[in-house]
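Observations on the model geometry
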Amino acid sequence: MPTSNYWLWGQAIPAGATPHQAGRALLGRMFRAWTGEEMPEIGTGIYGKPHFLTGNLHFSISHTKHFVFCALGEAPLGLDAEERNRRIDLRLAEKILTEAEYAVFQAASDQNAALLRFWVQKEAAVKWAGTGLRGYPKNVPDLPPVRACLNCWVTVKISGEAR
């Protein structure tokens, strides 16, 4: 049994595997390592958030073009990842950032990286809430911190707290 309240694992997507297959395989390995048991069946909530049909563990999966990440824990959580070299349309900032966030974005020496970091924070929070991404996630409270992992920006939100 792990001592922390969640695990975050990531890996390159294996050759020949789809991102979905890689995510489910990684989740299965995590679940067996955490519990010593086979992973239970997975269902989805009304907004499409996947969950285990039995037990008390929660998970979230995110993938990029080259990597897959899974978070597994004892409380609801949301995970998002984006490759750090991904180029995005900077005009998106006006649609998804609050006024204070936009000021941080404008002042950043690398605006693409700043926008990607805000995006993974907001996406992780929306996945944590289980409501799905609808429109542009502008006013998302309690954004969790971002970390660099496997050449990606990665964020996990758990139990309504920033982690």
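Note: the structure precedes this text.
These notes cover the structure that comes with them. Small disclaimer: the values here were computed from a predicted structure and weren't measured.

Thoughts on helix α1 (residues 19-35)
For α1, which comprises 17 residues, the first-to-last C-alpha distance of 24 Å matches the rise-based estimate of 24 Å (1.5 Å per residue) to within 8%. Within α1, the full set of buried residues consists of A22, G23, L26, L27, G28, M30, F31 and W34. For α1, the secondary structure elements touched by its buried residues are β1 (6-12), β2 (42-44), β3 (50-52), β4 (58-63) and β5 (67-73). Backbone geometry just after α1 places G36 at a positive phi near 80 degrees.

Focus on the pattern of salt bridges
Evaluation of the coordinates by the stated rule reveals four salt bridges. Taking the shortest distance from any N to any O, the salt bridge between D89 and R91 comes out at 2.6 Å. Taking relative accessible area as the criterion, D89 reaches 40% and is therefore assigned partly exposed. For K122, the salt bridge is made with E101, and the minimal N-O distance between the two is 2.9 Å. You can see K122 sitting in helix α4 (residues 111-129) and its partner E101 sitting in helix α3 (residues 99-107), a full 21 residues away along the chain.

So, the nonpolar core
Counting 15 residues, the largest nonpolar core has L27, F52, L57, F59 and L72 as the members making the most contacts within it. Mapped onto this core, the elements with two or more residues apiece are α1 and β5. Top contributing element to this core by residue count: α1, with six residues. Not counting residues up to four positions away in its chain, the partners in contact with F59 are L27, I42, P50, H51, F52, A71, L72 and L77. Counting residues in hydrophobic clusters, the runner-up holds 13 residues, among them I88, A93, I96 and L115.

Quick word on the packing of aromatic side chains
For the structure shown, the criterion picks out five aromatic pairs. Linked through ring pairs, W7, W9 and W34 together constitute an aromatic cluster. Over the aromatic face of W153 sits the side chain of R117, whose NZ or CZ is 5.0 Å from the ring centroid. The cationic tip of K157 hangs over the ring face of W128; the distance from NZ or CZ to the ring centre is 5.1 Å.

Looking at the pairing of strand β8 (residues 152-158)
Regular strands have side chains that alternate between both faces of the sheet. The buried fraction of β8 is high, at seven of seven residues. Of the two faces of β8, the one lined by C152, V154, V156 and I158 and the one lined by W153, T155 and K157 are each fully buried. As paired strands, strand β6 (residues 77-83) and β8 are joined by seven bridges and run antiparallel to one another. Following the sheet pairing, E82 is matched in β8 by W153. Between strand β7 (residues 147-149) and the antiparallel strand that follows it, β8, lie two residues; L150 among them carries a positive phi value of about 55 degrees.

Definitions and limits used
- Residues numbered from 1 in each chain as written.
- Predicted model: local features only at pLDDT ≥ 70, side-chain atom pairs only at ≥ 80, totals over all residues.
- Heavy atoms only, no water.
- Helix = DSSP H or I, 4+ residues; strand = E, 2+ residues; numbered from the N terminus.
- Expected span 1.5 Å × (residues − 1).
- Buried < 20%, exposed > 50% of the residue type's maximum accessible area, 1.4 Å probe, protein only.
- Contact = heavy atoms within 4.5 Å.
- Salt bridge = Lys/Arg side-chain N within 4 Å of Asp/Glu carboxyl O.
- Core = buried A, V, L, I, M, F, W, Y, C linked by side-chain atoms within 4.5 Å.
- Phe/Tyr/Trp six-rings, centres within 6.5 Å; stacked < 30°, edge-to-face > 60°.
- Lys NZ or Arg CZ within 6 Å of the ring centre and 35° of its normal.
- Pairing = 2+ DSSP bridges.

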